Amino acid sequence: MDYQFILLTRDPAGFAVVQLNRPDVLNAINRKLMEELVAALEGLDEDENIRCIVLTGNEKAFAAGADIKEMSDASTVEMLLRDQFARWDRIRKIKTPIIAAVSGFALGGGCELMMACDIVIASETARIGQPEINIGVMPGAGGTQRLTRAVGKTKAMEMVLTGKMISAQEALQWGLVNKVVPVEFYLEEAKSLATEIAQKPPLAVRLAKEAILKAFDTTIEGGLEFERKNFYLLFASEDQKEGMKAFSEKRKAQWKGR
Ligand code: CAA
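In this report, we go over the structure that sits alongside the text.

Cut-off values and rules
All residue numbers refer to positions counted from 1 along the written sequence of the respective chain. Given that this is a predicted model, residues contribute local features only at a pLDDT of at least 70 and side-chain atom pairs are listed and counted only at 80 or more, while totals for whole chains, interfaces and linings are drawn from all residues. To obtain the side-chain values, all non-hydrogen atoms of the structure were included, while hydrogens and water were left out. Strands are runs of DSSP state E lasting at least 2 residues, helices are runs of H or I lasting at least 4, and numbering of each runs from the N terminus. Every radius of gyration here is taken over C-alpha atoms, with the globule rule written as 2.2 Å times N^0.38, N being the number of residues. Exposure classes here rest on a 1.4 Å probe applied to the protein chains alone. A residue is buried below 20% of its type maximum, exposed above 50%, and partly exposed in between. In this description, accessible areas are obtained by the Shrake-Rupley approach with a 1.4 Å probe, and a residue is regarded as covered only by the protein chains that are shown. Here a cavity denotes grid points, spaced 1 Å and computed from the protein atoms alone, that fit a 1.4 Å probe unable to get out, and a pocket denotes an open set having protein on both sides within 12 Å along at least 5 of 7 lines; residues with an atom within 4 Å of a point are the lining. Grid points are joined across faces, edges and corners, and a volume is the space filled by probe spheres set on the points. Gly is placed with the polar residues, together with every amino acid not listed as nonpolar (Ala, Val, Leu, Ile, Met, Phe, Trp, Tyr, Cys and Pro) or charged (Asp, Glu, Lys and Arg). Being near a molecule or strand, for a residue, comes down to having at least one heavy atom within 4 Å of it. In protein, a polar contact requires one atom able to donate a hydrogen and another able to accept it; more generally it is a pair of N or O atoms within 3.5 Å, and residues adjacent in sequence count only if both atoms are side-chain atoms. Throughout, an axis means a line fitted to C-alpha atoms (over the contacting stretch in the case of helices), and angles, computed between N-to-C directions, take values from 0 to 180 degrees. Should an angle fall under 35 degrees it is taken as roughly parallel, and over 145 as roughly antiparallel, whereas 65 to 115 is taken as roughly perpendicular and any remaining angle as oblique. Two residues form a contact once any of their heavy atoms are found within 4.5 Å. A pair of strands is labelled paired if DSSP reports no fewer than 2 bridges between them.

**Structural notes on the overall build of the protein chain**
Scanning the protein chain from N- to C-terminus turns up 12 helices and 10 strands. The C-alpha atoms of the protein chain give a radius of gyration of 19 Å, which matches the 18 Å a tight globule of 258 residues would have. Taking the principal axes of the C-alpha coordinates as reference, the protein chain spans close to 65 × 40 × 40 Å. Of all 258 residues assigned to the protein chain, the portion counted as buried reaches 43%. Surface summary for the protein chain: the accessible area is close to 13900 Å², and the carbon and sulfur share equals 55%.

So this is what it looks like as structure tokens:
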């Protein structure tokens with residue numbers, strides 16, 4: 001598939017890099033970009049050779065939010081019919097781990113996209129925020145929910161109600177990102193983490209990701225039960241037999257993803 005607003009590269013180390021590519025507008029997320037992004041992620045999710053995905057923008061912007069110009073004249077009914085956030089729900093269903101490599105602005109929908117990823121590597125220049133309040137609206141792609149779960153009520157309130165941006169270091173302290181590195185290394189760092197995850201048994205990776213995400217929408221009891229079932233399920237895999245045998249034989253396991 002030919003993409004207009006994203007660049008997709010597959011790395012022989014078993015991961016893919018998806019780069020948002022509307023640099024003139026700081027990677028503002030319009031409907032076409034979102035359509036392409038979801039199609040790319042779903043395609044990669046079906047590719048057995050891809051075991052981790054790095055999602056990135058450029059040094060200046062991961063993404064400066066939803067495309068304001070595209071929606072500024074829309075009516076409520078048009079917004080409802082467009083149902084643009086339905087595509088965001090599909091990102092939540094991607095089973096392959098997604099690492100966000102974030103530099104520059106990650107604002108509004110950009111911050112929400114970052115939070116929809118599983119791990120976040122940020123450059124020291126990252127500026128993260130939910131500034132929708134400044135243009136008369138509020139987060140619409142998960143910001144009030146994911147941000148609150150990530151940083152707690154008081155900090156989420158402050159960010160969403162003032163619209164102020166936080167620095168990479170603040171985001172690190174608040175648990176919104178995993179690691180902050182100098183700008184020249186953020187993508188390499190994310191790729192190196194992707195390489196590491198790509199070398200793990202893929203079924204166990206997928207089921208572990210699924211179980212962690214379950215923690216956000218279930219009770220502790222329901223979550224523990226879900227975890228346990230995924231754990232038992234892995235005993236039906238060849239990789240479980242191989243992993244435990246390799247441990248006993250003091251050799252490196254050879255994963256089949258079966
Ligand atoms: N939508 C559309 N265009 C955008 C954009 C956006 N979200 N963000 C930046 N751009 C465009 C600008 O209009 C500008 O285009 P032109 O050159 O054609 O004028 C270009 O990108 C560069 O931007 P600036 O000149 O503004 O760059 P700057 O360095 O002076 O400022 C900024 C950078 C602070 C990020 C500023 O661009 C800004 O405030 N952007 C909007 C951020 C925002 O409000 N995001 C939330 C959007 S709503 C949303 O995301 C809803 C949701 O929950 C899904």
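Now, onward.
**Regarding the layout of surface pockets**
Any space left empty among the atoms is revealed by the rolling of a water-sized probe across them. There is about 1200 Å³ of room inside the largest pocket. Lining the largest pocket are 39 residues, with Ala116, Asp118, Arg146, Leu213 and Phe216 positioned closest to its centre. Listed by contribution, the elements that provide at least two residues to the lining of the largest pocket are α4 (86–92), α5 (109–116), β7 (119–123), α6 (143–151) and α10 (202–214). Looking at the lining of the largest pocket, the element that brings in the most residues is α10, giving eight residues. Across the lining of the largest pocket, the residue classes break down as 22 nonpolar, five polar and 12 charged. Of the voids in this model, the second largest pocket is the one considered here, and its volume is about 510 Å³. Those elements giving two or more residues to the lining of the second largest pocket turn out to be α2 (68–71) and α5. Classifying every residue of the lining of the second largest pocket gives 15 nonpolar, six polar and two charged.

**What about the environment of Cys117?**
With respect to the element layout, Cys117 can be found in the loop between α5 and β7. Remark: the alpha-carbon pair of Cys117 and Leu33, spanning 84 residues in sequence, is separated by 17 Å.

**A word on the site of the ligand**
Close to the ligand lie 23 residues, the nearest being Ala66, Lys69, Gly109, Glu112 and Gly140. Note that a nitrogen atom of the ligand is positioned 3.0 Å from one of the backbone N or O atoms of Ala64. A distance of 2.8 Å is found between an oxygen atom of the ligand and a side-chain nitrogen or oxygen belonging to Lys69. Those elements giving two or more residues to the shell around the ligand turn out to be α2, β6 (105–107) and α5. In terms of residue count, α2 provides more of the shell around the ligand than any other element does, three residues in total. For the shell around the ligand, the residue count by class is 14 nonpolar, four polar and five charged.

**Regarding the packing of α10 against helix α11 (residues 220–233)**
Direction vectors running N to C along α10 and α11 enclose 175°, while the axes themselves pass 9 Å from each other. Relative to α11, the element α10 lies roughly antiparallel. In this structure, α10 uses Leu207, Glu210, Ala211 and Lys214 to contact α11, whose residues at the interface are Phe226, Glu227, Asn230 and Leu233.

**Here we look at the sheet that holds strand β1 (residues 6–11)**
Pairing between sheet strands relies on hydrogen bonds along the backbone, with the strands arranged either parallel or antiparallel. With mixed pairing, the six strands of this open sheet are ordered in space as β1-β2-β3-β5-β7-β10. Each edge of the sheet is formed by a strand with only one pairing partner; in this case those strands are β1 and β10 (179–181). On average, each strand axis in the sheet is tilted by 20° relative to the strand beside it, whichever way the strands run. With three bridges connecting them, β7 and β10 associate as parallel partners.

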